[in-house]
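Descriptive structure summary
Here are the chains, one letter per residue:
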Amino acid sequence: MPATQAPAAPRWRPELEAQYAELGARLEPLLPCLEWPLHLPWIDAINRLKRERGAVIMAHSYQSPEIFHGVADITGDSLALAQAAGDCEAEVIVLCGVHFMAETAKILAPHKTVLIPDPEAGCSLASSITAEDVRQLRRQHPGAPVVSYVNTSAAVKAESDACCTSANAARMVEAMAAEHGADKVIFLPDAFLGYHVAQQTGIELVLWHGRCEVHEQFTAQQARHARERFNARLVAHPECPPEVQEEADFVGSTTAMGAWLEKEKPERVALITECSMADNLRTRFPQVEFIKPCNLCPHMKRITLPAIHDCLSTLGHEVQVPAQMAVRARAALERMLAVGRHDRA
Ligand code: 13P
Ligand code: SF4
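Starting afresh in each chain, residues are numbered from 1 along the sequence in its written order. Labels are handed out in written order, letters beginning with A for the chains and numbers beginning with 1 for the ligands. The predicted nature of this model means local features are confined to residues of pLDDT at least 70 and side-chain atom pairs, given and counted, to a pLDDT of 80 or more, with totals for whole chains, interfaces and linings taken over all residues. The side-chain numbers reported here are obtained from all heavy atoms of the structure, hydrogens and water having been left aside.

Re helix H6 (residues 99-108)
Burial status follows relative accessibility: with a 1.4 Å probe on protein chains alone, a residue under 20% of its type maximum counts as buried, one over 50% as exposed, and anything between as partly exposed. Under the scheme used here, helices are H or I runs from DSSP no shorter than 4 residues and strands are E runs no shorter than 2 residues, and both carry numbers assigned from the N terminus. Taken across its ten residues, H6 has nine buried, putting it largely inside the fold. For H6, the set of buried residues is Phe 100, Met 101, Ala 102, Glu 103, Thr 104, Ala 105, Lys 106, Ile 107 and Leu 108. The contact definition used throughout considers only heavy atoms, calling two residues in contact when any of these lie within 4.5 Å. Those residues of H6 that are buried lie in contact with strand E1 (55-60), helix H5 (78-87), strand E3 (92-96), strand E4 (113-115), helix H8 (154-158) and helix H16 (323-339).

Considerations on the site of ligand 1
Only heavy atoms are used to decide nearness, and a residue is near a molecule or strand if one of them lies within 4 Å of it. For ligand 1, the full set of nearby residues is His 60, Tyr 62, Asp 77, Ser 78, Asn 151, Ser 166, His 215, His 237, Glu 239 and Thr 254. The term polar contact refers here to a pair of N or O atoms within 3.5 Å; inside protein, the definition further demands a hydrogen-donor-capable atom paired with an acceptor-capable atom, and it admits residues adjacent in sequence only when both atoms are side-chain atoms. Within the side chain of Ser 78, one N or O atom sits 2.5 Å away from an oxygen atom of ligand 1. Between an oxygen atom of ligand 1 and a side-chain N or O atom of His 237, the distance comes to 3.3 Å. A total of 300 Å² of accessible area belongs to ligand 1 in isolation, and the protein chains cover 96% of it. Looking at the shell around ligand 1 residue by residue, the class counts come to one nonpolar, seven polar and two charged. To measure how exposed things are, a 1.4 Å probe is used in the Shrake-Rupley method; for residues, cover is taken only from the protein chains shown. Amino acid classes used here: Ala, Val, Leu, Ile, Met, Phe, Trp, Tyr, Cys and Pro are nonpolar; Asp, Glu, Lys and Arg are charged; the rest, including Gly, are polar.

Remarks on the packing of H6 against H16
Two elements in contact, H6 and H16, have axes whose closest approach is 9 Å; the angle formed by their N-to-C orientations is 95°. Classified by the interaxial angle, the pair formed by H6 and H16 is roughly perpendicular. Across the interface between the two elements, Thr 104, Ile 107 and Leu 108 from H6 touch Ala 326, Ala 329, Arg 330, Leu 333 and Leu 337 from H16. Residues that form the contact of H6 with H16 fall into these classes: six nonpolar, one polar and one charged. Fitting a line to C-alpha atoms yields each axis, with helices limited to the stretch in contact; the angle taken between N-to-C directions then spans 0 to 180 degrees. Angle categories: roughly parallel below 35 degrees, roughly antiparallel above 145, roughly perpendicular from 65 to 115, and oblique for all the rest.

Some words on the sheet that holds strand E7 (residues 184-188)
Strand pairing is assigned whenever DSSP identifies at least 2 bridges connecting the two strands. Sheet architecture is open: four strands sit in the order E6-E5-E7-E8, paired in parallel fashion. The open sheet has two edge strands, strand E6 (162-164) and strand E8 (204-207), and neither has a second partner. Taken pair by pair, the neighbouring strands of this sheet meet at an average axis angle of 30°, ignoring direction. Sheet topology note: the strand E5 (residues 146-149)/E6 ladder contains three bridges and is parallel. Paired with Val 147 across the bridge in E6 is Ala 162. Helix-sheet contacts for helix H7 (residues 131-140) involve E5, E7 and E8, and the interaxial angle to E7 is about 165°. Each of E5, E6, E7 and E8 touches helix H9 (residues 169-180); the most contacted strand, E6, lies at about 160° to it.

Some points on the pattern of salt bridges
Any two side chains of opposite charge can pair, on the condition that their charged atoms come close. A pairing counts as a salt bridge when a side-chain nitrogen of Lys or Arg comes within 4 Å of a carboxyl oxygen of Asp or Glu. Within this structure, the stated rule accounts for 27 salt bridges. Arg 135 serves as the salt-bridge partner of Glu 159, at 2.8 Å between the closest nitrogen and oxygen. On the criterion of sequence distance, the pair formed by Glu 159 in the loop between H8 and E6 and Arg 135 in helix H7 is long-range, its members being 24 residues apart. A cluster of three or more residues bridged by salt bridges with shared partners is formed by Glu 132, Arg 135, Arg 139, Glu 159 and Arg 328.

Digging into the packing of H9 against helix H10 (residues 191-201)
Helices that pack against each other are described as a pair by the angle of their axes relative to one another and the distance between those axes. Interhelical geometry of H9 versus H10 gives an angle of 65° and a closest axis separation of 9 Å. Where H9 crosses over H10, the handedness of that crossing is right-handed. Contacts between H9 and H10 involve Ala 169, Ala 170, Val 173 and Glu 174 on the former and, on the latter, Leu 193, Val 197, Gln 200 and Thr 201. Grouping the amino acids of the contact of H9 with H10 by side-chain chemistry returns five nonpolar, two polar and one charged. Whether a crossing is left-handed or right-handed is set by the direction in which the near helix is turned from the far one by less than a right angle, anticlockwise for left-handed and clockwise for right-handed.

Here it is in structure tokens:
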């Protein structure tokens, strides 16, 4: 079947309800009840096809619950998915996330087939900066090492000394400053994550003007409203504007948010981040009440069950990274993986 032809929708069958009863119960609080019979045949078809293909499905925490709980073998934040790709034994990886995550998986697992269900799933941070911008920054700040957020293209990673995620950004900046004997570090492309890292490290950062189009929309006023109206604790992703970070009880990466909930066990919390994050954590913390605000990432939401089924059946949308670029980008990613997870409260 050509990659462009939509697969026929699999049919609902009554026996599927019993077969997936446990999953149905888990998803019940997260999905409108009318959606479950629509998702169920796709979930079953994908799980069967995945086994036939010997594929592994990795899903970012911002993926919708029917993907995150229904078909993914490995779930987590961008650091967890990068680590999993490096360790993966399956021949085929289907990356349910945005394009830079699939590229990262391909760079770390160069001999595997890495597929992305929708290659148009981009990221406003990754598209905010080019490899030439990085070379220009280096010319302007000679001797300053470059630490790039993983939310960048392979071409930008290839120009960087090290990568980081929000789960180890401060640690990576400190490590690169020490290794290069530098008093400043070029940190790109997220200016708001840069603000958070500068606060944590006290190191002078040269910042880029990139922003996450999802997190930049939150305001301090919204955060205060959640606290005052609902008596909620506030947990914000470091891609949020500084005024929001300052209102929050905790600022941390996707995984750190879960760890904070584990430790603090709040009665009510507002997770100031992408909406599916709260949905996917809700099943882990049934005693916690999750309050909006949240925003949807339009790029993450391009990944759907039919698109996953399509890419598994056609092995379409394979991700490729030019060999020389991949070698240089891999070196920057390996610096990050060697440091691992270093969330700070
Ligand atoms: P994490 O590194 O926390 O997974 O975040 C990735 C991302 O795209 C956040 O918007
Ligand atoms: Fe990019 Fe923001 Fe979407 Fe994450 S949430 S993929 S940073 S646009």
